[in-house]
Amino acid sequence: MGEEPKKFDFIKGEVLLFDKALDWTSFDLVQKVRNNLCRAMKIKKLKVGHAGTLDPKATGLMILCTGKATKQIESFQAGEKEYLATLKLGATTPSFDLETEEDVQFETNHITKELVDTVVKQFVGDIEQVPPIFSAVKIDGQRAYTHARKGEDVKMRSRMIQIRELEVLDFSNEKLEIRVVCSKGTYIRSLARDIGKALNSGAYLVGLKRTKIGDFNLEEAYSVDDFLKNIDNFVTN
């Protein structure tokens, strides 16, 4: 006998883990899940929210809450996060990632594994970090990225964040892979920029995957395709 598919009560409230695909916005994921659940349940409205944004160029773990479980979103958002990040060394972009083109190039011949190891240690602990202008931080009632895309010069204020662990996974002359365990509000794109500066070069993010939020792991997450393919089995009739 095969195992019965798990049934969910999406109105009473469920906590769902998803592996967000590349180039999807966080809102894309919420909208796709909400629309398909409403269709499967034959209802017009369902409360669905996420517990922490991922940039379009990032992949990995997102927590979606439905129904009355949306009251838990704030507590999930406060959880510690783990990321796997890939940095390109020797250049910068205005967005600190692949969303915009390279604007400045730098030498990398002086960067050694020993220098990298020394530099990354500077970022462990409680540090001040300036968010990217291409971010959802609000400035004068508008998202910072709205100002950035208009070419407006905006002053971004620094904020205190905590990086509990920062591990070098791989290093080559123009590429650095790291694992980061950090607090809510940490921008890995800003960390990439700051590491580049500390190396007397430049750096920007070319790959980012969120692997943990609090006690939740990416290994437990649904792919969007698998969830939608089985959605009728999940709905309580």
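These figures come from a predicted structure and were not determined experimentally. (Residues numbered from 1 in each chain as written. Predicted model: local features only at pLDDT ≥ 70, side-chain atom pairs only at ≥ 80, totals over all residues. Heavy atoms only, no water.)

S.K.: Sorry if this is basic, but what is going on with the pairing of strand β4 (residues 81-89) here?
M.R.: For a regular strand, side chains alternate in direction, first toward one face of the sheet and then toward the other. Summarising the sheet, β4 and strand β11 (residues 175-182) pair through eight bridges and their orientation is antiparallel. Residue pairing in the sheet places Thr-86 in a bridge with Glu-177 of β11. Relative to strand β12 (residues 203-213), β4 runs antiparallel, the two sharing nine bridges. Among the inter-strand pairings, Leu-87 is bridged to a residue of β12, identified as Leu-205. (Pairing = 2+ DSSP bridges. Helix = DSSP H or I, 4+ residues; strand = E, 2+ residues; numbered from the N terminus.)

S.K.: Got a minute to help me understand unusual backbone geometry in this structure?
M.R.: Most peptide bonds are trans, and most residues other than glycine sit at a negative phi. If you check the backbone angles, Asp-23 has positive phi at about 75 degrees while not being a glycine. Position of Asp-23 among the secondary structure elements: in the loop between β1 (15-20) and α1 (26-41). Residues other than glycine seldom take positive phi values, yet Asn-200 does so here, at roughly 55 degrees. Tracing the backbone shows Asn-200 in the loop between α5 (188-198) and β12. Taking the relative accessible area as the measure of exposure, Asn-200 reaches 64% and is therefore exposed. (Buried < 20%, exposed > 50% of the residue type's maximum accessible area, 1.4 Å probe, protein only.)

S.K.: When you look at α5 in this model, what are you seeing that I'm missing?
M.R.: Think of an α-helix as 3.6 residues a turn; residues three or four steps apart then line up on the same face. Here α5 lies mainly inside the structure; nine of its eleven residues are buried. Ile-188, Arg-189, Ser-190, Leu-191, Ala-192, Arg-193, Asp-194, Ile-195 and Gly-196 are the residues of α5 that are buried. Against the buried residues of α5 lie β4, α3 (113-121), β7 (125-129), β10 (159-172), β11 and β12. Remark: Asn-200 follows α5 within two positions and exhibits a positive phi of approximately 55 degrees. (Contact = heavy atoms within 4.5 Å.)

S.K.: Just to check I follow, could you spell out the packing of aromatic side chains for this structure?
M.R.: Given two aromatic rings, their pairing is described by the distance between the two centres and the angle made by the two planes. The final tally for this structure, using the stated rule, is nine aromatic pairs. Centroid distance Phe-8 to Phe-10: 5.3 Å. Interplanar angle 35 degrees. Geometry classified as tilted. The exposure classification of Phe-8 matches that of Phe-10, with both residues buried. Through a chain of ring-to-ring contacts, the aromatic side chains of Phe-8, Phe-10, Phe-18, Tyr-222, Phe-227 and Phe-234 assemble into a single cluster. (Phe/Tyr/Trp six-rings, centres within 6.5 Å; stacked < 30°, edge-to-face > 60°.)

S.K.: Looking at this model, I keep getting lost on the side chain of Thr-211. Mind explaining?
M.R.: By secondary structure assignment, the location of Thr-211 is in strand β12. A polar atom in the side chain of Thr-211 sits 2.6 Å from the side chain of Glu-82. In this view, Thr-211 contacts Leu-61, Glu-82, Tyr-83, Leu-84, Phe-216, Asn-217 and Leu-218; residues no more than four positions away in its chain are not counted. (Polar contact = N/O pair within 3.5 Å; in protein donor to acceptor, adjacent residues only side chain to side chain.)

S.K.: I tried to follow the environment of Leu-37 on my own but got confused; where do I start?
M.R.: With respect to the secondary-structure elements, Leu-37 resides in helix α1. Note on Leu-37: relative accessible area 0%, which makes it buried. Aside from chain neighbours lying at most four places away, what touches Leu-37 is Phe-10, Leu-46, Thr-66, Phe-227 and Ile-231.

S.K.: What exactly am I supposed to notice about the nonpolar core here?
M.R.: The tendency in soluble globular proteins is for nonpolar side chains to be buried side by side. Ranked by size, the top nonpolar core spans 49 residues in total, and within it Phe-10, Leu-64, Leu-87, Ile-178, Ile-195 and Phe-227 carry the most contacts. Counting residues per element, this core draws most heavily on α1, which supplies seven residues. When sequence neighbours within four positions are dropped, the list of residues in contact with Phe-227 reads Phe-10, Leu-16, Phe-18, Val-33, Leu-37, Tyr-222 and Phe-234. Ranked by size, the runner-up nonpolar core spans ten residues in total, among them Ala-51, Ile-63, Cys-65 and Leu-218. (Core = buried A, V, L, I, M, F, W, Y, C linked by side-chain atoms within 4.5 Å.)

S.K.: Whenever I open this one, a positive patch on the surface confuses me. Can you help?
M.R.: On the surface, a cluster of positive charge is made up of Lys-12, Lys-47, Lys-68 and Lys-71. Locating Lys-47 in the fold gives a position in the loop between α1 and β2 (48-50). Residue Lys-47 is classed as exposed on the basis of its relative accessible area, which comes to 57%. (Patch = residues over 30% accessible without salt bridge, like charges linked within 9 Å, V, L, I, M, F, W, Y side chains within 5 Å. Areas by Shrake-Rupley, 256 points an atom, 1.4 Å probe, with all protein chains shown as cover. Salt bridge = Lys/Arg side-chain N within 4 Å of Asp/Glu carboxyl O. Lys, Arg positive; Asp, Glu negative; His and termini not counted. Charge placed at Lys NZ, Arg CZ, Asp CG, Glu CD.)

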